[in-house]
Amino acid sequence: MVNIILFGPPGSGKGTQSDKIVARFGLVHLSTGNLLRQEIADKTPLGLEAQSFMDKGQLVPDEVVIGMIDTCLEKNSEAKGFLFDGFPRTVAQAEALDKLLSLRKTAISKVLALDVSETELVRRIVERGKISGRPDDNEETVMKRLQVYRNETEPVAAHYAQLQKVEHIPGEGSEAEIFEALSGRIAPFFLAKVEE
Ligand SMILES: Nc1ncnc2c1ncn2[C@@H]1O[C@H](COP(=O)(O)OP(=O)(O)OP(=O)(O)O)[C@@H](O)[C@H]1O
Ligand SMILES: Nc1ncnc2c1ncn2[C@@H]1O[C@H](COP(=O)(O)O)[C@@H](O)[C@H]1O
């Protein structure tokens, strides 16, 4: 299996690039943000619990998102690999993910981290807010989300850097350029499988 974490702060282009990556490589896209927004749209108890955290730019409790990912891995047991987007966001989530994958005799292949300046992140999210309808797409909430990212999510990169799994990719430039840079890091995992 090929398991990629697309890592980066809010607004760095993870969702945009995920759509292109899954189309090219056939990985299953697991975006915890999208899964949580679907729960909210469906008005489930999980969605109602998550909404209060999301609207304030806070993280949803670890056990909630880890449970969601566990269920998705189980449902997609035949997948050739996964693209994780917006997960893991805490070291506890990363450790739980490593265990869930190891139970399935697999592991994270690569963490691809998109680097974008804070000014550009805020610009993109405020711009997205004009059409997204997301209550967390405004300047005040994005500042909170960036603070949460620095405090709780950046240590996840250090967790995988210890395992030599992290590569940084410039996240500013055209979507096509960024996609080619990401594809160039993912393709070798598929070539290696063919040569085995
Ligand atoms: N290379 C790029 N240049 C300029 N704008 C971009 C680029 N890539 C994505 N965007 C725009 O920036 C916004 C954020 O992108 P996207 O939703 O993919 O980010 P994200 O990392 O998934 O964000 P979040 O974690 O907040 O959901 C979107 O409006 C998207 O169209
Ligand atoms: N992995 C996650 N852990 C905790 N909270 C999460 C996680 N993924 C998403 N969330 C919540 O949803 C919003 C939006 O997520 P995006 O990935 O940016 O769409 C995020 O601010 C958290 O509240």
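In this text, all values refer to a predicted model and were calculated from it rather than measured experimentally.

Enquirer: How should I be thinking about the packing of helix α5 (residues 91-103) against helix α7 (residues 139-161) in this particular structure?
Expert: Interhelical geometry of α5 versus α7 gives an angle of 40° and a closest axis separation of 8 Å. Accordingly, the angle class assigned to the pair α5 and α7 is oblique. Contacts from V91, A94, E95, L97 and D98 in α5 reach E152, P155, V156, H159 and Y160 in α7. Of the residues contributing to the contact of α5 with α7, the split by class is 6 nonpolar, 1 polar and 3 charged.

Enquirer: When you look at the site of ligand 1 in this model, what are you seeing that I'm missing?
Expert: Ligand 1 sits among 15 residues. The nearest are K14, G15, T16, R128 and R145. With respect to ligand 1, the side chain of T16 contributes an N or O atom lying 2.5 Å from an oxygen atom. Coverage of ligand 1 by the protein amounts to 78% of the 630 Å² it exposes when considered alone. Here ligand 1 is seated within the largest pocket. Of all the secondary structure elements, the ones that give two or more residues to the shell around ligand 1 are α1 (14-25), α6 (118-132) and α8 (175-195). At 3 residues, α1 tops the list of elements feeding residues into the shell around ligand 1.

Enquirer: What exactly am I supposed to notice about the pattern of salt bridges here?
Expert: Two side chains carrying opposite charge are able to pair once their charged atoms lie near each other. For the coordinates displayed, the defined rule picks out 15 salt bridges. The salt bridge involving E175 is made with K20; its shortest N-O contact spans 3.8 Å. Remark: K20 occurs in helix α1 and E175 occurs in helix α8; sequence separation between them is 155 residues. Here K20 falls in the partly exposed class, since its relative accessible area comes to 30%. One salt bridge in this structure joins D137 and R128, with 2.9 Å as the shortest N-O distance. By relative accessible area, D137 is classed as buried at 6%. Shared partners join several salt bridges into a network, and the residues in it are R128, R134, D136, D137 and R145.

Enquirer: How should the environment of D62 be read in this particular structure?
Expert: Along the chain, the position of D62 falls in helix α4 (residues 62-75). Leaving out residues up to four positions away in the same chain, D62 has contacts with T90, A92 and Q93. A polar contact of 2.9 Å, which involves the side chain of D62, links it to the side chain of Q93.

Enquirer: Help me understand the nonpolar core in this model?
Expert: Among soluble globular proteins, nonpolar side chains are generally buried collectively. Counting 32 residues, the largest nonpolar core has F84, L97 and Y160 as the members making the most contacts within it. If you list the elements that add at least two residues to this core, you get β1 (2-7), α2 (32-41), α3 (45-55), α4, β3 (81-85), α5, β4 (110-115) and α7. Those residues in contact with F84 that sit more than four places away from it in its chain are N3, I4, I5, L6, L30, I69, L73, L97, L101 and I108. With 15 residues, the next largest nonpolar core counts L112, L114, I178 and I186 among its residues.

Calculation notes
Residues numbered from 1 in each chain as written. Chains lettered and ligands numbered in written order. Predicted model: local features only at pLDDT ≥ 70, side-chain atom pairs only at ≥ 80, totals over all residues. Heavy atoms only, no water. Axes fitted to C-alpha atoms, helices over the stretch in contact; angles between N-to-C directions. Helix = DSSP H or I, 4+ residues; strand = E, 2+ residues; numbered from the N terminus. Parallel < 35°, antiparallel > 145°, perpendicular 65-115°, else oblique. Contact = heavy atoms within 4.5 Å. Nonpolar A, V, L, I, M, F, W, Y, C, P; charged D, E, K, R; others polar. Near = heavy atom within 4 Å. Polar contact = N/O pair within 3.5 Å; in protein donor to acceptor, adjacent residues only side chain to side chain. Areas by Shrake-Rupley, 256 points an atom, 1.4 Å probe, with all protein chains shown as cover. 1 Å grid on protein atoms, 1.4 Å probe; cavity = no way out; pocket = protein on both sides within 12 Å on 5 of 7 lines; lining within 4 Å. Sits in = over half its atoms within 2 Å of the grid points. Salt bridge = Lys/Arg side-chain N within 4 Å of Asp/Glu carboxyl O. Buried < 20%, exposed > 50% of the residue type's maximum accessible area, 1.4 Å probe, protein only. Core = buried A, V, L, I, M, F, W, Y, C linked by side-chain atoms within 4.5 Å.

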